[in-house]
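Report on the structure
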Amino acid sequence: MSVNPFEVRPKKVKGNYYSISQLALKSYDKYDVDPYTKTRIILMNGTEFESVWFYHQFARNCSNNDLRREIADIRRVEQQQQKRIGSLKPIDETILETTLSYEQLAVDLTAILAQREKNTSVRDQLNFALLEDFDHLYRFTDLLEMEEAQNYKKLIGSYTEIMPGRPTVAEHRDPADDIRFAVNFTLADPITKLNIGTIIGAEQQTMNYYMNVAGFYHSDVGRKLFSEIAMIEEQHVSGYESLKDPNMTWLEKMLVHEYNECYLYYSCYADESDAEIKKVWERHFNDELVHLQRAVQLLKKYEGKDYREVIPVGTFPMLLTFKDNKKYIREVLKNIRLTAQCEHYENVGNLDENNTFKLYQNIVVKNPNELPSHIVIDNYIKKNGKDLRYEIAAHPEKVLQDRQHDNVTIGRVKAE
């Protein structure tokens, strides 16, 4: 059934806010819950974080106190939604266990968005970052098994393979090479606008999580690994946010944000297998319908624009559904040797020694054997004789089939 949130009347709820007691929901069981339920929770946590900080930035760039009061009112409910979603995480889930779900979200969400993306440059950015998040999942999983002796399959199931992607050592790039061409949202396909908004919230949430937990992790190598990968997530956020249309007004951006939230909550509701969490998505979708209506009214009041000038077709396109992406990811792994060059991509083997990628690597990486992302795998191999993987077949990249050595050259130097 097609849904147009501009035409759906919100269900009446008692009051505009949640009580404090309503902010704490029953947590899921980390072993019994479907792994994709956890990814949806992380996705919507990140979506609400993005919404809150968008409204803070809006308020800081707005001189009209009446409008700032409207913004503050909506932002307060978004904050409450975020707290409710955050409480779904159980107390007994460790930092590293949660991290595996973060990376599973990054891998499968990015693959899903890339497969439905019509804009070539947006799809290329998704595929490019996908190979890096895929590698992060592999390194964090090896760290989990080594330090916590935890069965990763109980946490992420068999949906996602665990094996090297573009090695993290090869992911460190000059900031200039993480900027992409902005997309004109007036002309863009609805799916493209939703994909960009969705991936920004998800990747920003991952970046923030790693930035904050690095100092709280219990081992030295783990702390350093979180810090290193947090830097890569910074690069991903830079790339994704540069795709957004900078020419939109703040109120136009607000409308798009609220439409994106409606879309994601409805998608989660339709896709959810946990009956209790499904109710959370339904209630939050109703909240966002209220916010969307207010965004429509504010756009009309302050700019004299009809919402259709920003979102011509309000009916949701295909909903976001989490699924197995193993076959697609194996195809994307063929591009493992690419690095970014300004707004484009280039095979590392074609770069000269004075290239920005090479110069940045010489400063930041220096000795690849000293990088935490390499040390984690090297330590696991020394202890167990080979790395930890979950593969349905041999790695599609032949040089990465060796499980007794961590490759620190592919995607980084000419000779491999």
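Right above here is the structure, for reference.
Just so it is clear, the model here is predicted, and its values are computed rather than measured. Counting restarts for each chain: residues are numbered from 1 in the order of the written sequence. Per-residue local features are limited, in this predicted model, to residues with pLDDT of at least 70; the limit for side-chain atom pairs, both in listing and counting, is 80 or more; totals at the level of whole chains, interfaces and linings are taken over all residues. Calculated side-chain values reflect all of the structure's heavy atoms, with hydrogen atoms and water omitted.

1. Some words on the packing of aromatic side chains
Rules: Think of it this way: a Phe, Tyr or Trp ring, Trp meaning its six-membered ring, pairs with another when their centres are within 6.5 Å, and the plane angle makes it stacked under 30 degrees, edge-to-face over 60, tilted otherwise. Numbering of helices and strands starts at the N terminus; helices are DSSP runs of H or I of at least 4 residues and strands are runs of E of at least 2. Exposure categories follow from relative accessible area, calculated using a 1.4 Å probe and restricted to protein chains: below 20% of the type maximum is buried, above 50% is exposed, and the middle band is partly exposed. The criterion is that NZ of a Lys, or CZ of an Arg, lies within 6 Å of the ring centre and within 35 degrees of the ring normal, and then a charge sits over that ring.
With the rule as written, the count across this model stands at 23 aromatic pairs. With a centroid separation of 5.3 Å and an interplanar angle of 20°, the aromatic rings of Phe58 and Trp250 are classed as stacked. With Phe58 in helix H1 (residues 35-60) and Trp250 in helix H8 (residues 250-271), the pair connects residues that are 192 residues apart, well separated along the chain. Exposure remark for Phe58: the relative accessible area of 3% places this residue in the buried category. Under the relative-accessibility criterion, Trp250 is labelled partly exposed at 27%. The interplanar angle of 45° and the centroid separation of 6.2 Å between the aromatic rings of Tyr266 and Tyr269 together place this pair among those described as tilted. Note that Tyr266 and Tyr269 are positioned in helix H8 at a spacing of three residues, about one turn of the helix. By relative accessible area, Tyr269 is classed as partly exposed at 27%. The ring centre of Trp250 lies 5.0 Å from the NZ or CZ of Lys253, which sits over that ring. Over the face of the ring belonging to Tyr269 we find Lys278, whose NZ or CZ atom lies 4.5 Å from the ring centre.

2. Side note on the nonpolar core
Put simply, the rule is: By convention a nonpolar core is built from buried Ala, Val, Leu, Ile, Met, Phe, Trp, Tyr and Cys residues, the set being connected through side-chain atoms within 4.5 Å. Residue contacts are counted whenever heavy atoms from the two residues lie within 4.5 Å of one another.
Counting residues in each nonpolar core, the largest one holds 104 residues, and the members touching the most others are Leu43, Phe58, Leu109, Met254, Leu255, Trp281 and Leu320. Element by element, the count of residues in this core is highest for helix H4 (residues 120-147), at 12 residues. Apart from residues lying up to four places away in sequence, Trp281 is in contact with Arg40, Ile41, Met44, Ile85, Tyr265, Cys268, Tyr269 and Glu272.

3. Considering the packing of H4 against helix H6 (residues 190-213)
Quick note on the threshold: Axes here refer to lines fitted to C-alpha atoms; in helices the fit is confined to the stretch in contact. Angles between the N-to-C directions go from 0 to 180 degrees. Any angle that falls under 35 degrees is termed roughly parallel, while one over 145 is termed roughly antiparallel, one within 65 to 115 roughly perpendicular, and all others oblique. Note: crossing handedness is left-handed where the near helix turns anticlockwise from the far helix by less than a right angle, and right-handed where it turns clockwise.
Running from N to C, H4 and H6 point in directions that differ by 30°, and their axes come no closer than 13 Å. As the angle between them shows, H4 and H6 are arranged roughly parallel. Relative to H6, the crossing made by H4 is left-handed. On the side of H4, the interface is formed by Val122, Leu126, Asp133 and Phe140, while H6 contributes Thr192, Ile196, Ile199, Glu203 and Tyr210.

4. Section: the pattern of salt bridges
Stated precisely, the cut-off is as follows: Whenever a carboxyl oxygen of Asp or Glu lies within 4 Å of a side-chain nitrogen of Lys or Arg, that contact is scored as a salt bridge.
Taken as a whole and assessed by the stated rule, the structure comprises 27 salt bridges. Among the ionic pairs, Arg69 bridges to Asp66, the shortest N-O distance being 3.3 Å. One end of the pair, Arg69, and the other, Asp66, are both in helix H2 (residues 65-86), three residues apart, so they sit about a helical turn from each other. Via salt bridges that share partners, Glu132, Arg166, Arg173 and Asp178 belong to a single interconnected network.

5. A short note on the pairing of strand E2 (residues 344-347)
Selection rule: The criterion for strand pairing is that DSSP finds at least two bridges linking the strands in question.
With four bridges connecting them, strand E1 (residues 338-341) and E2 associate as antiparallel partners. Bridge pairing in E2 places Leu338 opposite Asn347. The antiparallel pairing of E1 with E2 creates a hairpin that spans two residues between the two strands, and Cys342 there sits at a positive phi of about 55°.

6. Points about empty space enclosed by the protein
To be explicit about the condition: Here a cavity means grid points, on a 1 Å grid over the protein atoms only, where a 1.4 Å probe fits yet cannot get out; a pocket means an open set of points with protein on both sides within 12 Å along at least five of seven lines; lining residues are those with an atom within 4 Å of a point. Grid points are joined across faces, edges and corners, and a volume is the space filled by probe spheres set on the points. Residues were grouped as follows: Ala, Val, Leu, Ile, Met, Phe, Trp, Tyr, Cys and Pro as nonpolar; Asp, Glu, Lys and Arg as charged; and all remaining residues, including Gly, as polar.
Counted according to the given criterion, the structure contains five cavities of 30 Å³ or more. Size it by volume and the largest cavity reaches roughly 130 Å³. For the largest cavity, the lining is made up of 14 residues, of which Glu50, Gly197, Thr198, His257 and Asn260 are closest to its centre. Of all the secondary structure elements, the ones that give two or more residues to the lining of the largest cavity are H1, H6 and H8. Along the lines of polarity and charge, the residues of the lining of the largest cavity split into four nonpolar, six polar and four charged.

Just geometry here; none of it tells us what the structure is for.
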